[in-house]
Amino acid sequence: MNNSLAFIHDTLPQKVMFGYGQSSTFLKQEVELRGSKKVMVIAGERELEIAQKVTSDIEVALWYDEVVMHVPIEVAERARQSAADNGIDLLVCVGGGSTTGLAKAIAMTTALPIVAVPTTYAGSEATNVWGLTEAQRKTTGVDLKVLPQTVIYDSELTMSLPVDMSVASGLNGLAHCIDSLWGPHADPINAALAAEGIRALNEGLPKIVADPHSIDGRDQALYGAYLAAVSFASAGSGLHHKICHTLGGTFNLPHAQTHATVLPYVLAFNAGDAPEAERRAAAAFGSDTALEGLQRLREAVDAPQRLSDYGFSADGIEEAVEVTLEKVPANNPRPVTKENLSKLLEAALNGEDPAVLSASHTLI
Ligand code: NAD
């Protein structure tokens, strides 16, 4: 076998505007460029003040604040109806992944353009992935209509994100990077983006913990979160995301904290069977092994430790395993079985040392 490169990589069409304190100017430029007359601004209650600042230079036709995590279908349908009743021609979402998710749900059926102004590190704004929850099952899908046409990043808007939420959300971004290294469509381009995303988040998050108003820390985290999402959108959901979608959709666990908690377990589980991913991630962390780098960061930022802190219990393991197994990507580096997935979830539930999962395969 030779070492030549061969891959197919799709780059998503999106404009990115990035600048501290510039969101209202950027948004005005976008609205003028598009000639939008009826702008619907979507922002949850806690995001309202930020949204007012971002939209201070434009005219708003409709304010909409019914934002619910994981986008229940009935919430999506009410928002679609409001957009139609008001003749909306542009959706502007200001907030975290839940807010972006609602804008995507509207765009999915109306094809309205979205300008996204993210205020967390969830990264939904840079993906063409939508998510809806119906009858306790979270469904996700891919559709170019839901990809925001423009994203405005302004780290000033993230200063109010509490430190614990910043850490959890930043580790959600990191999970995008790591899962991208073995996702179903992993390729050298998304691996390069993921590696730079790991570097930026690893640098930014401790600065935020040391000083929540650090512009450099917030900028690095936001930049890393964007790269993370671009690599994830291209590589597709790997094992980590399949587990977390189950925990969020079926057990209603909080998104960012769940990702932050599960990540070291999936990394420990897969790393031994994914040498190239392991090498890239370790180099990006500047550590001997990827797990060592991740655990060093997690310790520095006081990361979430166990799923039992977020409403999961041993009673849920069997169902979580069953639902997840249906979705595990065929190319996962290590074969996933009922037994080893149960062990992974049990370890994450109780906050055990993730190294138990990287032990010899014959043990689990
Ligand atoms: P979130 O959007 O639910 O926000 C968490 C909380 O933080 C909310 O109460 C919100 O109002 C508040 N908040 C947001 N920004 C703030 C700020 N700057 N200051 C103070 N408070 C702020 O949480 P999230 O983790 O950003 O997003 C989670 C959702 O996004 C999940 O439903 C997840 O499935 C989805 N998601 C989707 C994709 C995708 O590609 N489709 C990617 C990542 C996440």
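The name given to the protein in an unreviewed UniProt entry is Alcohol dehydrogenase, with Corynebacterium suranareeae as the source organism.

(A) How the structure looks around the packing of helix 5 (residues 163-180) against helix 8 (residues 239-251). Running from amino to carboxyl end, helix 5 crosses helix 8 at an angle of 135 degrees, the nearest separation of the two axes being 8 Å. With respect to their mutual orientation, helix 5 and helix 8 come out oblique. On helix 8, the residues that touch Ala-175, His-176 and Asp-179 of helix 5 are Leu-239, His-240 and His-241. Residues belonging to the contact of helix 5 with helix 8 are distributed by class as follows: two nonpolar, three polar and one charged.

(B) A look at the pattern of salt bridges. The final tally for this structure, using the stated rule, is 13 salt bridges. Glu-203 is the partner of Lys-207 in a salt bridge, and the nearest nitrogen-oxygen pair spans 3.3 Å. On the criterion of helical spacing, the pair formed by Lys-207 and Glu-203 is a turn pair, its members being four residues apart in helix 6 (residues 188-210). Since its relative accessible area comes to 28%, Lys-207 is described here as partly exposed. Judged by its relative accessible area of 32%, Glu-203 is partly exposed. Several salt bridges share partner residues, and in doing so they unite Glu-196, Arg-199, Glu-203, Lys-207 and Asp-216 into one network.

(C) Summary view of the domain arrangement of the protein. Domains assigned within the protein are domain 1 (15-158) and domain 2 (163-363). Each side of the interface is counted separately: domain 1 has 21 residues, and domain 2 has 29 residues. Seen at the junction of domain 1 and domain 2, the total is zero salt bridges. On the surface where domain 1 and domain 2 come into contact, there are four residue pairs in polar contact (both at pLDDT 80 or more). With three residues, the top contributor of residues to the side of domain 1 that touches domain 2 is strand 7 (residues 137-142). Partitioning the side of domain 1 that touches domain 2 into residue classes produces eight nonpolar, 10 polar and three charged.

What counts, and where the lines are drawn
Residues numbered from 1 in each chain as written. Predicted model: local features only at pLDDT ≥ 70, side-chain atom pairs only at ≥ 80, totals over all residues. Heavy atoms only, no water. Axes fitted to C-alpha atoms, helices over the stretch in contact; angles between N-to-C directions. Helix = DSSP H or I, 4+ residues; strand = E, 2+ residues; numbered from the N terminus. Parallel < 35°, antiparallel > 145°, perpendicular 65-115°, else oblique. Contact = heavy atoms within 4.5 Å. Nonpolar A, V, L, I, M, F, W, Y, C, P; charged D, E, K, R; others polar. Salt bridge = Lys/Arg side-chain N within 4 Å of Asp/Glu carboxyl O. Buried < 20%, exposed > 50% of the residue type's maximum accessible area, 1.4 Å probe, protein only. Domains from an automatic or database assignment. Polar contact = N/O pair within 3.5 Å; in protein donor to acceptor, adjacent residues only side chain to side chain.

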